[in-house]
Amino acid sequence: MSDRLFIFDTTLRDGEQVPGCQLNTIEKIQVAKQLEALGVDVIEAGFPISSPGDFNSVIEISKAVTWPTICALTRAVQKDIDVAADALKYAKHKRIHTGIGTSDSHIKYKFNSNREEIIERAVAAVKYAKRYVEDVEFYAEDAGRTDNEYLARVVNAVTKAGATVVNIPDTTGFRVPSEYGEKIKYLVEHCEDIQSGKAILSTHCHNDLGMATANTVAGALNGARQVEVTINGIGERAGNTSLEEVAMIFKTHPDLGIETNINTTKIYPTSRMVSSLMNMPVQPNKAIVGKNAFAHSSGIHQDGVLKNAKTYEIMDPKDVGIDDNAIVLTARSGRAALKHRLHVNGVEVDGDRLDSIYQAFLQLADKKKEVTDDDVLVLAGANRADSRAIKLDFLQVSTGMGGHKCVASLGLDISGQKFESCSTGNGPVDAAIRALKKIIIKEMVLKEFTIQAISKGSDDVGKVHMQVEYDNHVYYGFGADTDVVRASLEAYIDCINKFR
């Protein structure tokens, strides 16, 4: 009989902390519903006290999903817990996730405290959270660098206070699998409420040294019964454990005796949805969901796969939701083909929105021989900007030669009013931004400017990410077009639309 492993997804909390990946409430609800369909057990919906946006998102996600537990993060502070409880008031199944750092480094330098006082604060936070909800999770931040004997004391104290789950984070991604597995094993053997089943241990591993998934699996094999993961492994710094990797490791190794509730056929559409909404590309060689994950280029591999796929594939692409129906999108493709490709990539559209994306698709298809999955996701993402206050009407650029400066002319639509401007610059992007600033007169500074090509063709879509500072805040923008100057200006406008 297999042991049940609970999947705790923190894409909307830890994953959303990545610079440039912030979602609005509507987009968060879309992801949460997809996570519910995927079969995750717990959705960490946000950190309610951190911002009004996070507070509202937890409320709306609680209303939108039915069976998963909705979790809200707090510090070991009463006000945090009060706010989290308020945000969770509509959740059908609710959990407060509170905690404090337990490593000597955190105790000394972060809290200027001592071990006994940290245990007291931990117990007080759990007891206070227990006044609001039955399901309380405690995190021992930097548990990876906390000595096992003291960590066991913390776990015993918080479970006695009522914690139902205790999270053992490798916050810095420092531990190797043998060490992390031994840590979990030690806690199972030395914590009475874990042995009795009154509480369970959870993993939360970061990928700073590329070992997040390996550490998570080691933790599960040594007794942890919840794993904290994100779609595509997104998260702070080098990211978190990938949900799709953990799910497929245990699916392909039933001999390990651990099973999850994940509907693996929905992994790929979920991956594509998160990548598109967060404007965060998945690296081609990413396990399970990268575009090369089931690609074979060497002659020996191709020959073997053609004879029998199992010679080089340990997974059936269909098991993770990859549709091998090779519908090629060109200028002669209809709405049905476009809608199908969007559906395969986790984007559901219909009606006017489909019409809008289709018109943009036709314009792109006239410029390219073949439109890729990444292209259609860019189009779907660009379509979300249609309702914003500032839109680019037109852009004309003359590039300078022989010492002459570039000249840019543009038109903006600002809440229905039309504006035009012209300026010179040291390059086409500089000229376009200078022209824009003649219309939108604000003290804003371009902090970062990144151009990324999706593939290698001369007709490729350029994706531009920008950071613009305004009023002591940094805003992130995104633009995409076969014309990188236009994509750059669209990214700048995207930043301005987010100004408070």
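What counts, and at which threshold
- Position numbers for residues start from 1 in each chain and track the written sequence from start to end.
- Residue-level local features of this predicted model are given only where pLDDT is at least 70; pairs of side-chain atoms are given and counted only at 80 or more, and the full residue set underlies all totals for whole chains, interfaces and linings.
- Side-chain calculation: all heavy atoms of the structure are included, whereas hydrogens and water are not.
- For the purposes of this entry, the term helix denotes a DSSP run of H or I that reaches at least four residues, the term strand denotes a run of E that reaches at least two, and both are numbered from the N terminus.
- Exposure classes here rest on a 1.4 Å probe applied to the protein chains alone. A residue is buried below 20% of its type maximum, exposed above 50%, and partly exposed in between.
- Note on definitions: a residue-residue contact is assigned when non-hydrogen atoms from the two residues lie within 4.5 Å.
- Residue exposure ignores everything except the shown protein chains as possible cover, and the areas themselves are Shrake-Rupley values with a 1.4 Å probe.
- The term nonpolar core refers to a set of buried residues drawn from Ala, Val, Leu, Ile, Met, Phe, Trp, Tyr and Cys, joined through side-chain atoms within 4.5 Å.
- Here an angle of 0 to 180 degrees is reported between the N-to-C directions of two axes, which are lines fitted to C-alpha atoms, with helices fitted over the stretch in contact.
- Throughout this description, any angle smaller than 35 degrees is read as roughly parallel, any larger than 145 degrees as roughly antiparallel, any in the 65 to 115 degree range as roughly perpendicular, and the remainder as oblique.
- Helix crossings fall into two classes, left-handed where the near helix is turned counterclockwise from the far one by less than a right angle and right-handed where it is turned clockwise.
- Only Phe, Tyr and Trp rings take part, Trp by its six-membered ring, and two of them pair if their centres are within 6.5 Å. Stacked means planes under 30 degrees apart, edge-to-face means over 60, and tilted covers everything else.
- We call a charge positioned above a ring when the Lys NZ or Arg CZ atom is no farther than 6 Å from the ring centre and deviates by at most 35 degrees from the ring normal.
- Whether two strands pair comes down to DSSP finding at least two bridges between them.
- Here a polar contact means two N or O atoms within 3.5 Å. Within protein one must be a hydrogen donor candidate and the other an acceptor candidate, and residues neighboring in sequence count only if both atoms are side-chain atoms.
- Candidate patch residues must exceed 30% relative accessible area and have no salt bridge, after which like charges are joined if within 9 Å and Val, Leu, Ile, Met, Phe, Trp or Tyr side chains if within 5 Å.
- A side-chain nitrogen of Lys or Arg and a carboxyl oxygen of Asp or Glu constitute a salt bridge if their distance falls within 4 Å.

1. Remarks on the overall build of the protein
- In terms of helices and strands, the protein carries 17 helices and 16 strands.
- When each of the 500 residues of the protein is scored for burial, the buried share is 52%.
- A sequence separation of at least 24 residues applies to 66% of the contacts in the protein between residues at least 6 apart.
- With an accessible surface of roughly 22500 Å², the protein has 50% of that area assigned to carbon and sulfur atoms.

2. What about the nonpolar core?
- Counting 89 residues, the largest nonpolar core has Phe138, Ile168, Leu201 and Ile267 as its most contacted members.
- With eight residues, the single largest contributor to this core is helix α5 (residues 115-130).

3. Points about the packing of helix α3 (residues 78-87) against α5
- The contact between α3 and α5 brings their axes to 10 Å, and the two run at 25 degrees. Taken together, the axes of α3 and α5 are roughly parallel relative to one another. Between α3 and α5 lies a crossing of right-handed hand. Contacts from Gln78, Ile81 and Asp82 of α3 reach α5 at Ala125, Tyr128 and Ala129.

4. Here's the deal with the environment of arginine 237
- With respect to the secondary-structure elements, arginine 237 resides in the loop between β9 (226-229) and α10 (243-252).
- Each C-alpha atom, one on arginine 237 and one on proline 19, is 9.7 Å from the other, the two residues being 218 residues apart in sequence.
- If we ignore the near neighbours within four places in the chain, the residues touching arginine 237 are Thr171, Thr172, His206 and Asp208.

5. Points about the packing of aromatic side chains
- Summed over all chains, the structure comprises five aromatic pairs.
- An angle of 80 degrees between the planes, with centres 6.0 Å apart, marks the rings of tyrosine 128 and tyrosine 132 as edge-to-face.
- A residue is classified by how much of its surface remains accessible, and tyrosine 128, at 10% relative accessible area, is buried.
- In this structure tyrosine 132 comes out as partly exposed when scored by relative accessible area, which is 39%.
- With a centroid separation of 5.0 Å and an interplanar angle of 50 degrees, the aromatic rings of tyrosine 475 and phenylalanine 499 are classed as tilted. Residue tyrosine 475 is located in strand β16 (residues 473-481), and its partner phenylalanine 499 is located in the segment after α17 (484-497); the two are separated by 24 residues in the primary sequence.
- Here the aromatic cluster, defined as three or more aromatic residues joined through ring pairs, consists of Tyr470, Tyr475 and Phe499.
- Lysine 63 extends its terminal NZ or CZ atom over the ring of tyrosine 90, reaching a point 4.7 Å from the ring centre.

6. Brief notes about the sheet that holds strand β12 (residues 406-414)
- Reading across the sheet, the three strands line up as β11-β12-β13 and stay open at both edges, with antiparallel pairing between neighbours. Edge positions in the open sheet fall to β11 (390-398) and β13 (417-425), since each of these has one partner strand only. For this sheet, the mean angle separating the axes of adjacent strands, direction not counted, is 15 degrees.
- Pairing geometry for β12 and β13, over nine bridges, is antiparallel. Paired with aspartate 413 across the bridge in β13 is lysine 418.
- The strands that helix α16 (residues 428-439) touches are β11, β12 and β13; relative to β13, the one it contacts most, it runs at about 135 degrees.
- Where α17 meets the sheet, its contacts fall on β11 and β12, and the angle it forms with β11 comes to roughly 150 degrees.

7. Description of helix α9 (residues 212-221)
- Most of α9 is tucked away: eight of the ten residues are buried.
- On its buried face, α9 is in contact with β7 (165-170), α7 (177-190), β8 (200-205), β9, α10 and β10 (258-259).
- Remark: glycine 223 follows α9 within two positions and exhibits a positive phi of approximately 125 degrees.

8. Some points on the pairing of β8
- Counting buried positions along β8 gives five out of six residues, so the element sits mostly inside the fold.
- Looking at chain direction, β7 and β8 are connected through six bridges and run parallel. Bridge assignment links isoleucine 168 to a residue of β8, and that residue is threonine 203.
- Judged from the three bridges that link them, β8 and β9 form a sheet pairing that is parallel. Bridge pairing in β9 links threonine 203 to valine 227.

9. Brief notes about unusual backbone geometry
- Located in the positive-phi region is asparagine 112, a residue other than glycine, with phi close to 50 degrees.
- Tracing the backbone through its elements, the reader meets asparagine 112 in the loop between α4 (104-110) and α5.
- Asparagine 112 gets classed as exposed once you look at its relative accessible area, which sits at 70%.
- Located in the positive-phi region is asparagine 279, a residue other than glycine, with phi close to 55 degrees.

10. What to know about the side chain of aspartate 481
- As for its position among the elements, aspartate 481 is in strand β16.
- Among the polar contacts listed, one links the side chain of aspartate 481 to the backbone nitrogen of aspartate 483, at a separation of 2.9 Å.

11. As for a nonpolar patch on the surface
- Together, Leu446, Phe449, Ile451 and Val484 make up an exposed nonpolar region whose accessible area comes to about 310 Å².
- Sorting elements by how many residues they give to the nonpolar patch places strand β14 (residues 444-453) first, with three residues.
- Turning to its location among the elements, leucine 446 is positioned in strand β14.

12. Some remarks on the side chain of threonine 159
- Within the secondary structure layout, threonine 159 lies in helix α6 (residues 148-160).
- In this structure threonine 159 comes out as buried when scored by relative accessible area, which is 8%.
- Only 3.1 Å separates the side chain of threonine 159 from the backbone oxygen of asparagine 156, close enough to count as a polar contact.
- If sequence neighbours within four positions are ignored, threonine 159 has contacts with Val166, Asp193 and Ala199.

These figures come from the coordinates and say nothing about function on their own.
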